[in-house]
Amino acid sequence: MSNNTSWINNTSLPVHYVITILDMDITQNCNFRCRYCFKGNKENLSTPSMDLHTALTSIDWLIESSGDAKELSAAFMGGEPLLQFELIKDVVPYGKRRAWNRGKSIQFSATTNLSLVTEEIVDFFAQWGMGWHASIDGTPEVQNYQRPFSNNMGSSRRVEQAVRHILKYRPTCQARSTMMEVMLPHLYESYMYFKKLGFVNVGIAPADVTNWTEDGFRVFRNQMRMVYDDVIECFRNRVKIYVSGVEYLFSYFSGETKTKDFTCGAGRGMVLVDPSGDLWPCHRWDSAAKDVNSERFWKMGNIFDGDFNNDLHLALLQRQRMFDQNVECKGCICEDYCSPGCPAGNLQEIGTIYRCHENWCEISRICYEEGKRAYDILYNENNEMLFERYKLNKRSSKRRNIYYKKNGNLNHG
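The rules behind these values
- Residues numbered from 1 in each chain as written.
- Predicted model: local features only at pLDDT ≥ 70, side-chain atom pairs only at ≥ 80, totals over all residues.
- Heavy atoms only, no water.
- Helix = DSSP H or I, 4+ residues; strand = E, 2+ residues; numbered from the N terminus.
- Buried < 20%, exposed > 50% of the residue type's maximum accessible area, 1.4 Å probe, protein only.
- Contact = heavy atoms within 4.5 Å.
- Pairing = 2+ DSSP bridges.
- Axes fitted to C-alpha atoms, helices over the stretch in contact; angles between N-to-C directions.
- Nonpolar A, V, L, I, M, F, W, Y, C, P; charged D, E, K, R; others polar.
- Expected span 1.5 Å × (residues − 1).
- Phe/Tyr/Trp six-rings, centres within 6.5 Å; stacked < 30°, edge-to-face > 60°.
- Polar contact = N/O pair within 3.5 Å; in protein donor to acceptor, adjacent residues only side chain to side chain.
- Salt bridge = Lys/Arg side-chain N within 4 Å of Asp/Glu carboxyl O.
- Core = buried A, V, L, I, M, F, W, Y, C linked by side-chain atoms within 4.5 Å.
- pLDDT = per-residue confidence, 0-100.

Draft legend 1. Looking closely at the overall build of the protein chain. When helices and strands are counted, the protein chain shows 17 helices and ten strands. Going through the 413 residues of the protein chain one by one, you find that 52% of them count as buried. A separation threshold of at least 6 residues defines the contact pool for the protein chain, and within that pool the share at least 24 residues apart is 76%.

This is the structure we're talking about:
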């Protein structure tokens, strides 16, 4: 295939800031019917899957939109992207070659429900150095209830088989768990189940938060406390474990970085391309926009038709400034690190990207308080693993205690 990209319409490219991360919604079909899915049932859409021409053009568009940036990434998403494995087999070598020809590199990954994983697929991912994002919610009881197949059969057995294949190739693959309120009593049990399966990297995310009750918050706090207690023991015994919320908070408490540096890149350095070539801020945004009847406003352009929405891009680049002006956030214990919530989720839940639902605020406070408790215990013990991972031994006590000056010194010695 020709290396000439002169056909690309310059008006389809951003002018304010480069794009280096591309989510590719290569199919909107899925063999699961997850109870909390924000995509809903897209089985009957007229353009449910991306064709090869659109996929290859998306890679060219990413390379052209990346400016002088050298390191790019593209994530296959859906729906269930492994339904389009034949397309993936064509896109990855093409993207690697095109990036190399431009003095760049591109890292590919996929977010999958694991049900279609085979040795052939794992071997292909290994051959091309691809990453995995494994959506698995928990114990068989949790998995079968929240993530059934489209015929309503349980998926846990099939997913367990796939986990063994994936972790053999990529031991640091994350188990990405989503928890509905009804399954919260199984949160800690599910976390331990992930460890038993061999995961050392776990992410836990709440679902359908707007419907949570006070009892749900109570259970969530108790379950997260048990998770953090296990993390404490792992640090004490130098057992490798990475829990996304722990990394997020411990990095902040240690002064390693400002946690707002982790704010979502949606619509800034990252966009989604859907099966028709339309561009959106992220993989969730197209559904969010449809839910609030504002598709026209939030679409960022099209890789074929041009007219990239640079005004919207600029507004999203300045999103943090708008977050910081939220009066209701003043005085909250999470004020200095919260940014707040998923903007697409905010759009779906309360109609604006600049504030999150009050239930998310409560969840953030619970995670903050439990994370702070765990960090303080390890810090007061001079835990070696804590100091090594977050470079505490290389920082002055003044910088380490910036947080404690504002929020109360906890006798850190």
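What follows picks up the thread again.
Draft legend 2. A look at the pairing of strand E2 (residues 71-77). Judged by how many residues are buried, E2 sits mostly within the fold: five of seven residues are covered. Bridge count for strand E1 (residues 21-25) against E2 is five bridges, and the pairing is parallel. Each residue of the ladder has a partner; that of Asp25, found in E2, is Met77. The sheet contact formed by E2 and strand E3 (residues 105-112) spans six bridges and is parallel. Within E3, the position partnered with Glu71 by the bridge is Ser105.

Draft legend 3. Focus on the packing of helix H6 (residues 187-197) against helix H7 (residues 214-236). Packing of H6 against H7 leaves a shortest axis separation of 8 Å and a crossing angle of 35 degrees. Facing Leu187, Tyr188, Glu189, Tyr191, Met192 and Lys195 of H6, the residues of H7 in contact are Phe220, Gln223, Met224, Met226, Val227, Asp230, Val231 and Cys234. Taken together, the residues that form the contact of H6 with H7 break down as ten nonpolar, one polar and three charged.

Draft legend 4. Here's a closer look at the sheet that holds strand E9 (residues 278-280). Pairing is mixed across the open sheet formed by ten strands, whose spatial order is E7-E6-E5-E4-E3-E2-E1-E8-E9-E10. Only two strands of the sheet have a single partner each, and these edge strands are strand E7 (242-243) and strand E10 (301-302). Two strands pair when backbone bridges link them, and strand E6 (residues 201-206) and E7 are joined in this way by two bridges, in the parallel orientation. Along E7, the bridge assignment pairs Val202 with Val243. H6 rests against strand E5 (174-179), E6 and E7 of the sheet, and its axis sits at about 165 degrees to E5.

Draft legend 5. Looking closely at H7. Along its 23 residues, H7 runs 33 Å from first to last C-alpha, staying within 8% of the 33 Å computed at 1.5 Å per residue. Of the residues trailing H7, Arg238 is marked for its positive phi of about 55 degrees.

Draft legend 6. Structural context of the packing of aromatic side chains. One pass over the structure, following the stated rule, counts 19 aromatic pairs. Between the aromatic rings of Phe124 and Trp128, the centroid separation amounts to 6.4 Å while the plane-to-plane angle is 50 degrees, which identifies the pairing as tilted. By relative accessible area, which is 25% here, Trp128 ends up partly exposed. Here the aromatic rings of Phe194 and Phe199 are separated by 6.1 Å at their centres, their planes lie at 85 degrees, and the arrangement is edge-to-face.

Draft legend 7. Structural detail: the side chain of Thr112. Note that Thr112 resides in strand E3. Only 2.9 Å separates the side chain of Thr112 from the side chain of Glu80, close enough to count as a polar contact. At a separation of 2.9 Å, a polar atom in the side chain of Thr112 contacts the main-chain amide nitrogen of Leu114. Those residues in contact with Thr112, other than ones at most four positions away along the chain, are Glu80, Leu82, Trp132, His133, Ala134 and Ser135.

Draft legend 8. Examining unusual backbone geometry more closely. In the segment running from Gly78 into Gly79, the intervening peptide bond is cis, with an omega of 25 degrees. Within the element layout of this structure, Gly79 appears in the loop between E2 and helix H2 (85-101). The backbone of Asn152 shows a phi angle near 75 degrees, a positive value even though the residue is not glycine. As for its placement among the helices and strands, Asn152 is situated in the loop between helix H4 (140-146) and helix H5 (156-169).

Draft legend 9. Fine view of the environment of Cys282. Looking at the element boundaries, Cys282 is found in the loop between E9 and helix H9 (285-291). Along the backbone, Cys282 and Leu272 are ten residues apart, and their C-alpha atoms lie at a distance of 4.8 Å. Not counting residues within four places of it along the chain, the set of residues in contact with Cys282 comprises Ala266, Met270, Leu272 and Ala344.

Draft legend 10. Main features of the pattern of salt bridges. Tallied over the full model, the rule gives 19 salt bridges. Linking Arg236 and Glu381 is a salt bridge whose minimum nitrogen-to-oxygen distance equals 2.6 Å. Of the two residues, Arg236 sits in helix H7 while Glu381 sits in the loop between helix H14 (358-380) and helix H15 (384-389), which places them 145 residues apart along the sequence. Taking the relative accessible area as the measure of exposure, Arg236 reaches 38% and is therefore partly exposed. Residue class for Glu381 comes out partly exposed when judged on its relative accessible area of 39%. The salt bridge partner of Glu362 is Arg365, with a shortest N-O separation of 3.3 Å. With Glu362 and Arg365 both in helix H14 and three residues apart, the pair spans about one turn of that helix. Residue Arg365 is classed as partly exposed on the basis of its relative accessible area of 28%. The network of salt bridges with common partners includes Arg221, Arg225, Asp229, Glu369, Glu370 and Arg373.

Draft legend 11. Just the nonpolar core, in detail. Counting residues in hydrophobic clusters, the biggest one holds 112 residues, and the most contacted among them are Met24, Phe76, Phe250, Trp285 and Leu386. Looking at this core element by element, the count peaks at ten residues for H7. Leave out the neighbours within four places in its chain, and Trp285 touches Ala266, Trp280, Trp298, Leu316, Pro343, Ala344, Leu347 and Ile353.

Draft legend 12. Broad picture of the confidence of the model for the protein chain. Looking at the protein chain, pLDDT values average 86 and 85% of them are 70 or higher. Under a pLDDT of 50 for its full length, residues 394-400 has, in the predicted model, eleven contacts with residues more than four places off or in other chains.

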